[in-house]
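# Coordinate inspection notes
Residue strings, one per chain:
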Amino acid sequence: MSEIGSSVTGPSELTMLQAINEALHHEMARDERIVVLGEDVGRNGGVFRATEGLVEKFGEERVVDTPLAEGVIAGAAVGLAMAGLIPVAELQFLGFSYQAMHQIAGQVARLRYRTRSRFEPAITIRSPFGGGVRTPELHSDSLEGQLANIAGLKLVTPATAADAKGLLSSSIRDPDPVVFLEPLRGYRGIRGEVPSGEHLVPLGEARLAREGDDVVVIAWSYQVELACRVADALIDENLSVAVLDLRSLVPLDLAAIASVVDRCGRAVVVEEAVQTGGFAGEVVTTIVEECFWSLESPVVRVSGYDVPYPVGQLEDTYVPSEARIAAAVRRVLEVA
Amino acid sequence: MSEIGSSVTGPSELTMLQAINEALHHEMARDERIVVLGEDVGRNGGVFRATEGLVEKFGEERVVDTPLAEGVIAGAAVGLAMAGLIPVAELQFLGFSYQAMHQIAGQVARLRYRTRSRFEPAITIRSPFGGGVRTPELHSDSLEGQLANIAGLKLVTPATAADAKGLLSSSIRDPDPVVFLEPLRGYRGIRGEVPSGEHLVPLGEARLAREGDDVVVIAWSYQVELACRVADALIDENLSVAVLDLRSLVPLDLAAIASVVDRCGRAVVVEEAVQTGGFAGEVVTTIVEECFWSLESPVVRVSGYDVPYPVGQLEDTYVPSEARIAAAVRRVLEVA
Amino acid sequence: MTRPSDDQLLAVLVDMVAARTQARRLWNLQRQGRIGTVAPIDGHEATVAATAHALDPSQDWILPQYREPLALQRYGPEVLDHYMLYNVGHPDGSRLPESVRVAPLQISLATQIPHAVGLAWGMTLQDEAGVVVVFFGDGSSSEGDFHEAANLAGVLRAPVILLCMNNQWAISTPLHQQTAAASLADRAVGYGINGVTVDGNDAAAVFDAVDEARKRALAGQGPTLIEACVYRLGAHTTADDPTRYVPPEDLEAARRDDPIERLEKHLVELGLWDDEIRSAVETQALSRIDEATDAAEAHPLRAEALMDHCLSVDSPRMARQRLALLSEAEL
Amino acid sequence: MTRPSDDQLLAVLVDMVAARTQARRLWNLQRQGRIGTVAPIDGHEATVAATAHALDPSQDWILPQYREPLALQRYGPEVLDHYMLYNVGHPDGSRLPESVRVAPLQISLATQIPHAVGLAWGMTLQDEAGVVVVFFGDGSSSEGDFHEAANLAGVLRAPVILLCMNNQWAISTPLHQQTAAASLADRAVGYGINGVTVDGNDAAAVFDAVDEARKRALAGQGPTLIEACVYRLGAHTTADDPTRYVPPEDLEAARRDDPIERLEKHLVELGLWDDEIRSAVETQALSRIDEATDAAEAHPLRAEALMDHCLSVDSPRMARQRLALLSEAEL
Ligand SMILES: Cc1ncc(C[n+]2csc(CCOP(=O)(O)OP(=O)(O)O)c2C)c(N)n1
Ligand SMILES: Cc1ncc(C[n+]2csc(CCOP(=O)(O)OP(=O)(O)O)c2C)c(N)n1
Ligand SMILES: [Mg+2]
Ligand SMILES: [Mg+2]
């Protein structure tokens, strides 16, 4: 587990989106083999501007606007990797990764295993996910629970601007395929100081975002932000709430989870996804496996509901709110 | 929870495959709106003969060999349902449901929700899954953990021949979309007495396959068969091992899980899938949520490994064996 | 070929002008924060309205992409009412009444094409008359779903019309980066179906093409792929800045071939159209959309609606979630 | 056009005869339970072998579907050795040595077509000479992957040859239920790429077509879709019973156009082939495959290999699983 995040803010503050953009610029300048591909990633700089300026800097050979077909974006990435290149593919919204799932799950994730490392799948698939910004259907879905069940993929998702840069750089350099999930609400809603130049955050190390002893809230992506706000607010009630930011779901930092749950004895897991089959269940199970005897009360998960991500007027009901997280924290603490 | 399964065998014994075939014949004869579609389901009767005799009996209009394209099999099913028909689609192997995932997750599962029940998605998608029979790659994958996270789908999987018939008939009649998972190893490897004529088993009711008080093994599909063998074998060691066959993963029979875990206090969950993100994690979490205080030891899961389903020579290492299940049972019992 | 009558053309023009007028109102509503992201119809009006007028709403279906609703007046006032419900983020927006043969907007591009084929196929299986028209863009035609559906439609000879709105752009991706094909209609031969290219700014030509395709379909002659060539005159959506990528001279040229101006000119010549009529149509269109907007905003919604219509009956877990939701509403 | 030389044709025939001979052995090995399900090559030999001979193994790639390996001798003996490892269920079967530009078999149909386009594209980005040939079936051509990949190849002008083995069947589904298209090569126009149909039983014609497509690709003229018309002379796989669905008269007719007989006749006329040569080729082919089978069966494998090569480094959970696996081996 790495150090608690510094919360210094200052003039060199970036939004998460700018941090992602910086990582892409930095990595492409560093390694000529990197090719960025996806819908609208070139001239338009991506529909959220994550790839802004790349085509101007690195040219149309290395920053490619593909036809509108997610399957072949992921599938061509496999071929590019076979050719020794390092594709960084963007799926415009994670909900459309379904169109590419046969390539992601059946091909990207298996290239190394199938060929016993003859081919190195140094592929990164970036995609925004999660809701809260009133997008149309299938633009807000949290599918990490499904992706985590696909062996051969790494699954990484930042909660801070600095991590967005550091984890993305590490993901691009990683020899395994990484699905890199960018919280849509964080693009402009999360900002913070970001080291300029080279900045790497290792994959597989959780981050203790808040120290605390009474209970730990385990979260990832935008939910870390919410959990921190809850932790900060509950200080007034004399509650000491730790927040563990998983940062990568695969590989999962079992040691960090065990250590903080062992200390607190009580845990809440927060996710935005559909509850049944979501990744929070995997975290709860991990806690049962790693530190059952430390538990002083049942772990509680705060999730979306078992319905599809809804339309705008129902969005705020669907996504975990600070109030729901705080209520869950109180609930696990009330239990004798 | 329904009654313990009778284990009468006799001359009218059927294999699970024959039971499935019987359900299809019975349902198609009952309701003219049912249309069977998929690759090789007509003249060939399905690559496993699950649809044998249907085209001869019900004609080429109602039993349709489609082009080789899973996406449009699921997608056309949506359109057929919009037209008021009842499509029963076959995906030749569950590994190729990935080719259709944008239609299954994004469309089939959402048709009712999106249109607030204007359109009734009475769609059944049948598919063999699971390993143990030395098939090529992507023919053996257990994806129920991923499918369970898709809200709007029901997810049903039989463990006995009688249930194969009764659950499939219920699935076809169900107004919601059902993904019906047929254990490949059970097609010819599981047989038993099957009621002839009308036979319905309600969706959402687990089945206590073995009574027992010391520990419960919770399983579904072919793993129930293994769990029962283990339970039977451990009688000699004076262990009373209950086996709960979930039968449907969505809806999940929370009451049945709670009741048996409350009684036994110890539980093992068995699945064949990749462990991380598999459905066993959901079951463990459900136990934590429903009956944490009854637990006398941490729930243990017996799963596949966090690698893709392997080639033939490694298959037996991958799939949960009776030995692994028995070891897990002993492990949860040893804990003070 | 049945040329549309002058009256039909007039009706088409009325719908086109109303659509464009209302599109401008939508843009402002979005800017005011009253509605979510919308995709302007500008440039698509002739094709959409003429297609609708070539169909019989009592038996023919329309499966839209997302840009069409404002020009589907022929399918009844419910289309606009529900479009506004959709735009204000109400779940009823995608629930049109049973009598209206229009599917909800489709956000997952091209997935509606297989639905259209299945629906058309299902109609023939039940000996129902009627055809299905499915709209999709040039960008969407690159998705596997287009291919799989067109191919299945060919095999089944389904009564479906695949209407590709080739507006030259998919967000920022121009046609030549979308495909090297000289014409999208050329793809028809690869599926053994009929294929035609039509000037989508020519309402009469579109009407003819759809009418012809419909007659073929009803006569059991199978599907038609129609490529309607237009130009996206506006932004992709309210979230888009086309000045980043659309060459101004191309846009300028396209504006000179505006479908509304073209049809107006024709009907002015026939003495069927003038500024006064136009302004009456505009006024009426605006009051209509304002009414629909107000009604949509006033349309009630309980938070519990989140849980409705997912499964026909709540699963046990959903039942608990529903209870939790009700109590959380008090948090 | 470069007609193959007589020597080249002879080399092709040797490979074809060897492939068919070995296919029969595979069938028996499967029946004996020594190997898993296999897909016989019968009827595909001319196209596969001639294609391989039209390529340069030192720079051109082949991405197979699953029916081709026996006729890829030109790409080196490793292809057969690994095919036998694959057939005995050993994971090394899909790990060809770096020097062999052949990808492993692809079971998820058509997914290899996007890979081929990506690979060809990647080669041009790095100024590597060479082309990529990807094999796929008539059935596979219905998958969205075919469409998406062909379209992208057209846009990129990637040096790729899309080689569709139209053997008239996809398991039990005949071509006319697979597509209403008169010819699969007709699809090329929809992607702005070159398309040709070739008699896949005519080794020389296939050689020409591939050679031509290759030259175009190397000259920067982009991809070619080649439809090779053949007939599947055997079962789909060892698990299939084609008598359930193949009309005997069709099969009979196809047998009369056997690609091996045809090329034999030609080379007999040239005095380059006779029964003696044939039987020498067969004997050699059999001893070769028997050797490869024995070696494959003797190839060691530890159970722990299950965990290898999934991620470059085990995740913490995988590390535990690896330990558990080692101790479970003792259960
Ligand atoms: C499957 C899928 N991929 C990506 C998107 C994101 N997206 C929305 S509209 C659009 C462009 C669509 O272009 P086209 O089909 O030509 O329609 P147009 O907007 O030009 O009318 C894209 C990429 C989506 N909605 N669905
Ligand atoms: C995506 C996918 N769907 C279904 C299957 C099952 N399957 C294996 S081979 C086959 C038929 C393939 O036909 P074709 O592409 O014409 O090749 P052929 O066997 O005729 O050489 C099918 C349906 C599969 N392997 N992959
Ligand atoms: Mg467009
Ligand atoms: Mg074939």
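Quick caveat, the model's predicted, so the values are computed rather than measured.

## Topic: the overall build of chain C
Helix and strand content of chain C: 11 helices and 7 strands. Taking the principal axes of its C-alpha atoms as reference, chain C extends roughly 65 × 50 × 40 Å. Residue burial in chain C is summarised as follows: out of 331 residues, 62% are buried. Looking at chain C alone, contacts between residues at least 24 apart form 74% of all its contacts between residues at least 6 apart. For chain C, the exposed surface amounts to about 11600 Å²; the carbon and sulfur share of it is 51%. Of the charged side chains in chain C, 27 are positive and 48 negative; the average position of the first set lies 3 Å away from that of the second.

## Concerning the domain arrangement of chain A
Residue and element names in this part refer to chain A. What the domain assignment reports for chain A is domain 1 (12-195) and domain 2 (207-334). Just the C-alpha atoms count here: the centres of domain 1 and domain 2 sit 26 Å apart. Facing the 27 residues of domain 1 at the interface are 23 residues of domain 2. Around 2000 Å² of area is buried between domain 1 and domain 2 when both sides are counted, 54% of it from carbon and sulfur atoms.

## Some details on the relation of the copies chain B and chain A
Here chain B sits on chain A after a turn of 180° about the axis and a move of 0.0 Å along it, with an RMSD of 0.0 Å. Both copies are brought into coincidence by an operation consistent with a two-fold rotation axis. Minimal C-alpha separation from the rotation axis in chain B is found for Gln146 of chain B, amounting to 2.2 Å. Interface overlap between copies: 100% of the residues of chain B at the interface are likewise at the interface in chain A, consistent with a symmetric, same-surface contact.

## Details of the coordination of the magnesium ion (ligand 3)
All names here are of chain C. Protein coordination at the magnesium ion (ligand 3) comes from Asp138 (OD), Asn167 (OD1) and Trp169 (O), with a distance range of 2.0 to 2.1 Å. We note that the donor set of the magnesium ion (ligand 3) lies within a single chain, spaced as D-x28-N-x1-W. Of this pair, Asp138 sits in the loop between β2 (132-137) and α5 (144-156) while Asn167 sits in the loop between β3 (160-166) and β4 (169-170); the two residues are 29 residues apart in sequence, bridging distant segments of the chain. By relative accessible area, Asn167 is classed as buried at 4%.

## Things to note about the coordination of the magnesium ion (ligand 4)
Coordination sphere of the magnesium ion (ligand 4), protein contribution only: Asp138 of chain D (OD), Asn167 of chain D (OD1) and Trp169 of chain D (O), at 2.0 to 2.1 Å. Counting along the primary sequence, the residues that act as donors to the magnesium ion (ligand 4) give the motif D-x28-N-x1-W.

## Here we look at the site of ligand 2
As a structural note, the neighbourhood of ligand 2 is formed by 23 residues, with Glu70 of chain B together with Tyr66, Arg67, Asp138 and Ser140 of chain D the closest of them. With respect to ligand 2, the chains having nearby residues are chains B and D. Contacts to ligand 2 include Gln65 of chain D, whose side-chain N or O atom sits 3.1 Å from an oxygen atom. Within the backbone of Gly139 of chain D, an N or O atom sits 2.8 Å from an oxygen atom of ligand 2.

## Thoughts on the sheet that holds strand β6 (residues 154-156) of chain B
All names here are of chain B. The mixed open sheet is built from 7 strands, whose spatial order is β3-β2-β4-β5-β7-β6-β12. Unpaired on one side and paired on the other, β3 (63-65) and β12 (248-250) mark the two borders of the sheet. Shown here is a sheet whose adjacent strand axes are inclined to one another by a mean of 20°, direction ignored. Sheet analysis places strand β2 (residues 34-38) next to strand β4 (residues 86-90), joined by 5 bridges and oriented parallel. Bridge pairing in β4 links Ile34 to Ile86. Docked against the sheet, helix α3 (residues 70-82) engages β2 and β4, running at close to 170° with respect to β4.

## Digging into the interface of chain A and chain C
Put simply, an interface is often sized by how much accessible area is lost when its parts join up. Taken residue by residue, the interface counts 38 residues in chain A and 36 residues in chain C. Both faces combined, the contact of chain A with chain C buries some 3100 Å², and carbon together with sulfur accounts for 55% of it. Of all residues in chain A, Leu68, Tyr305 and Gln313 of chain A bury the most surface against chain C, accounting for 21% of the area lost on that side. For the pair chain A and chain C, the number of links is 2 salt bridges. For Glu328 of chain C, the salt bridge is made with Arg324 of chain A, and the minimal N-O distance between the two is 3.4 Å. In this assembly, chain A and chain C are joined by 13 residue pairs in polar contact (both at pLDDT 80 or more). At the level of elements, α12 (312-318) and α13 (322-334) of chain A are the ones that each hand at least two residues to the side of chain A that touches chain C.

## A few points about the packing of aromatic side chains
Where two aromatic rings form a pair, the distance of their centres and the angle of their planes describe that pair. Considering all chains together, one arrives at 23 aromatic pairs over all chains under this definition. Measuring from ring centre to ring centre gives 6.1 Å for Tyr305 of chain B and Tyr318 of chain B, while their planes differ by 55°; the resulting arrangement is tilted. Separated by 13 residues along the polypeptide, Tyr305 of chain B in the loop between β14 (300-302) and α12 (312-318) and Tyr318 of chain B in helix α12 bring together distant segments of the chain. Judged by its relative accessible area of 3%, Tyr305 of chain B is buried. Among the aromatic residues, ring-to-ring pairing joins Phe48, Phe93, Phe96 and Tyr187 of chain A into one connected group.

## Some details on the environment of Ile86 of chain A
Residues and elements named next belong to chain A. In this fold, Ile86 is placed in strand β4 (residues 86-90). In this structure the C-alpha to C-alpha distance between Ile86 and Ile172, which are 86 residues apart in sequence, comes to 7.7 Å. Apart from the residues lying within four places of it in its own chain, the contact partners of Ile86 are Asp31, Arg33, Ile34, Val35, Ala122 and Ile172.

## Section: the side chain of Asn44 of chain B
Looking at the element boundaries, Asn44 of chain B is found in the loop between β2 and α2 (54-58). Note on Asn44 of chain B: relative accessible area 1%, which makes it buried.

## With respect to the domain arrangement of chain C
For chain C, the assigned domains are domain 1 (6-300) and domain 2 (303-331). With centres defined by C-alpha atoms, the gap from domain 1 of chain C to domain 2 of chain C works out at 36 Å.

## Quick look at the site of ligand 1
Taken together, 23 residues lie near ligand 1, and Glu70 of chain A together with Tyr66, Arg67, Asp138 and Ser140 of chain C sit nearest. Chains contributing residues to the immediate surroundings of ligand 1 are chains A and C. Between a nitrogen atom of ligand 1 and a side-chain N or O atom of Glu70 of chain A, the distance comes to 2.5 Å. Between ligand 1 and the protein, one listed contact pairs an oxygen atom with a backbone N or O atom of Trp169 of chain C at 2.8 Å. Burial of ligand 1 by the protein amounts to 97% of the accessible area it has alone, namely 590 Å². Taken together, the residues of the shell around ligand 1 break down into 8 nonpolar, 10 polar and 5 charged.

## Examining the pairing of strand β5 (residues 124-129) of chain A
Residues and elements named next belong to chain A. With respect to burial, β5 is a largely interior element, 6 of its 6 residues being buried. The alternating pattern of β5 places Thr124, Arg126 and Pro128 on one face and Ile125, Ser127 and Phe129 on the opposite face, and all of these are buried. Relative to β5, β4 runs parallel, the two sharing 3 bridges. Across the sheet, the residue bridging to Ala89 is Ile125, located in β5. With 6 bridges joining them, β5 and strand β7 (residues 178-183) adopt parallel strand pairing. Bridge assignment links Ser127 to a residue of β7, and that residue is Leu181.

## Some points on the interface of chain B and chain A
Taken residue by residue, the interface counts 49 residues in chain B and 49 residues in chain A. Taken together, both faces of the contact between chain B and chain A bury some 4100 Å²; the carbon and sulfur share is 59%. At the surface where chain B touches chain A, the tally comes to 8 salt bridges. A salt bridge links Arg110 of chain B to Asp141 of chain A; the nearest nitrogen and oxygen atoms lie 2.5 Å apart. Counting across the interface, chain B meets chain A through 19 residue pairs in polar contact (both at pLDDT 80 or more).

## Here we look at the environment of Arg112 of chain B
Tracing the sequence through the fold places Arg112 of chain B in helix α5 (residues 111-114). With 85 residues separating them in the primary sequence, Arg112 of chain B and Glu27 of chain B have C-alpha atoms 23 Å apart. Leave out the neighbours within four places in its chain, and Arg112 of chain B touches Ser117, Phe119, Glu120, Pro121, Pro175 and Asp176 of chain B together with His309, Cys310, Leu311 and Ser312 of chain C. A polar contact of 3.3 Å, which involves the side chain of Arg112 of chain B, links it to the side chain of Glu120 of chain B.

Calculation rules
Here the residue index of a chain counts from 1 through its sequence in written order. Here chains are named by letter from A upward and ligands by number from 1 upward, in the order in which they appear as written. Under the rules for a predicted model, residues below a pLDDT of 70 receive no local features and side-chain atom pairs below 80 are neither given nor counted, while totals for whole chains, interfaces and linings still include all residues. Each side-chain value is worked out from all heavy atoms of the structure, with water and hydrogens disregarded. By the criteria applied, helices consist of DSSP H or I runs no shorter than four residues and strands consist of E runs no shorter than two, each listed in order from the N terminus. We call a residue buried when its accessible area falls under 20% of the maximum for its residue type, exposed when it is over 50%, and partly exposed in between, using a 1.4 Å probe and counting protein chains only. The criterion used for residue contact is that any of the two residues' heavy atoms lie within 4.5 Å. Accessible surface area values rest on a Shrake-Rupley calculation with a 1.4 Å probe, where residue burial reflects the displayed protein chains alone. Note that His is not counted, nor are the chain ends; the positive residues are Lys and Arg, and the negative ones are Asp and Glu. Taken as the charge centre is NZ of Lys, CZ of Arg, CG of Asp or CD of Glu, depending on the residue. Here the bounds of each domain stem from an automatic or database domain assignment. When two components associate, each loses some accessible surface as probed by a 1.4 Å sphere; the sum of these losses over both components is called the buried area. Copies are brought into register by a least-squares superposition over C-alpha atoms of residues with pLDDT of at least 70 in both. Each metal's donors are the N, O and S atoms found within 2.8 Å of it, except that Na, K and Ca use a 3.2 Å limit; water is left out, so coordination can look incomplete. Summary of the distance rule: residues count as near a molecule or strand when at least one heavy atom falls within 4 Å of that molecule or strand. Any pair of nitrogen or oxygen atoms within 3.5 Å is treated as a polar contact; in protein, a donor-acceptor pairing is required on top of that, and neighbouring residues in sequence qualify only through side-chain atoms on both sides. The criterion for strand pairing is that DSSP finds at least two bridges linking the strands in question. To get an axis, a line is fitted to the C-alpha atoms, and for a helix only the part in contact is used. The angle between two axes follows their N-to-C directions and goes from 0 to 180 degrees. Whenever a carboxyl oxygen of Asp or Glu lies within 4 Å of a side-chain nitrogen of Lys or Arg, that contact is scored as a salt bridge. Each pair of aromatic rings taken from Phe, Tyr and Trp, with Trp reduced to its six-membered ring, is defined by centres within 6.5 Å and is described as stacked if the planes are under 30 degrees apart, edge-to-face if over 60, and tilted in the remaining cases. Throughout this entry, Asp, Glu, Lys and Arg are counted as charged residues, while Ala, Val, Leu, Ile, Met, Phe, Trp, Tyr, Cys and Pro are counted as nonpolar. The remaining residues, Gly among them, count as polar.

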